[in-house]
Amino acid sequence: MKATADVAVVGGGVIGLALARELSARGVETVVLERGRTGEESSSAAAGLLTAQSDAAAPSPFFDFARESRDLYPDWTAALEQETGFSVGWRPTGVLRCGTEDLFAQFRWQLDAGLPVERLDSSEVARRSANRVAPSFSEALFFPRDSVVDSRLLVRALRRSLAIRGVHVLEGVAVTAFRIEGGACRGVATSVGDVDAA
């Protein structure tokens with residue numbers, strides 16, 4: 001087992017694997033510790049919806065962060081696919097959110113802020129959905145920049161990227177405690193021994 005690294009990433013889902021990839025790109029020696037198998041917990045259950053706008057009920061710093069993150073996906077996934085030769089299933093589908101006048105009121109702040117969102121009437125909803133939306137919905141909003149990714153394909157590509165870069169990914173290794181020394185985390189205790197991290 002790799003017993004030392006500059007950084008120990010706890011969790012081998014999309015976020016942990018992507019973080020390890022970014023750290024390795026910056027020359028940081030990184031190890032990923034996953035208690036089960038990579039991508040088989042939250043990442044495997046995720047629908048892959050990148051819905052920064054269509055899920056945002058109000059402006060907030062988190063909304064700004066989520067929108068910026070979503071907007072990085074086209075270039076980020078293209079680079080990942082180029083490096084690994086694996087598709088991640090990213091698609092700029094947009095998201096259609098159907099409802100009544102209340103729906104429009106909930107998201108009006110985005111229209112007022114000039115964000116990309118389109119208000120659709122029932123005939124346009126029918127056209128864009130190939131008549132798959134119940135006619136009782138009188139209105140809809142379309143968020144053209146929200147998109148989707150196949151989480152399982154993304155995990156596979158991230159694992160391949162880490163293998164190419166020589167990043168150690170340890171599966172079946174549960175982190176049991178953080179080792180705090182002098183007010184800073186200096187490593188972790190695991191089910192198979194300690195991992196020191198700078």
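Here the structure is shown first, and the text comes after it.
Residues numbered from 1 in each chain as written. Predicted model: local features only at pLDDT ≥ 70, side-chain atom pairs only at ≥ 80, totals over all residues. Heavy atoms only, no water.

Examining the packing of aromatic side chains
Consideration 1: The full count for this structure, using the stated rule, is three aromatic pairs.
Consideration 2: Centre to centre, the rings of Tyr73 and Trp76 are 5.4 Å apart; their planes meet at 70°, and the pair counts as edge-to-face. Of this pair, Tyr73 and Trp76 both sit in helix α3 (residues 61-84), three residues apart, roughly one helical turn.
Consideration 3: Considering the side-chain rings of Phe107 and Phe143, the 5.3 Å spacing of their centres and the 65° angle between planes classify their relative orientation as edge-to-face. Placement of Phe107 in helix α4 (residues 101-112) and of Phe143 in strand β7 (residues 139-143) is noted, with a sequence separation of 36 residues between them.
Consideration 4: Since its relative accessible area comes to 1%, Phe107 is described here as buried.
Consideration 5: Using a relative accessible area of 0% as the deciding quantity, one classes Phe143 as buried.
Consideration 6: Above the plane of the ring of Phe142 lies Arg128, whose end atom (NZ or CZ) is 5.0 Å from the centre.
Consideration 7: We note Arg156 situated over the ring of Phe86; from NZ or CZ to the ring centre the distance is 4.1 Å. (Phe/Tyr/Trp six-rings, centres within 6.5 Å; stacked < 30°, edge-to-face > 60°. Helix = DSSP H or I, 4+ residues; strand = E, 2+ residues; numbered from the N terminus. Buried < 20%, exposed > 50% of the residue type's maximum accessible area, 1.4 Å probe, protein only. Lys NZ or Arg CZ within 6 Å of the ring centre and 35° of its normal.)

Some details on unusual backbone geometry
Consideration 1: Phi at Ala130 is positive, roughly 55°, even though this residue is not glycine.
Consideration 2: Looking at the secondary structure, you find Ala130 in the loop between α5 (122-128) and β7.
Consideration 3: Judged by its relative accessible area of 48%, Ala130 falls in the partly exposed class.
Consideration 4: Look at Asn131: it is not a glycine, yet its phi comes out positive at around 60°.
Consideration 5: You can see Asn131 is positioned in the loop between α5 and β7.

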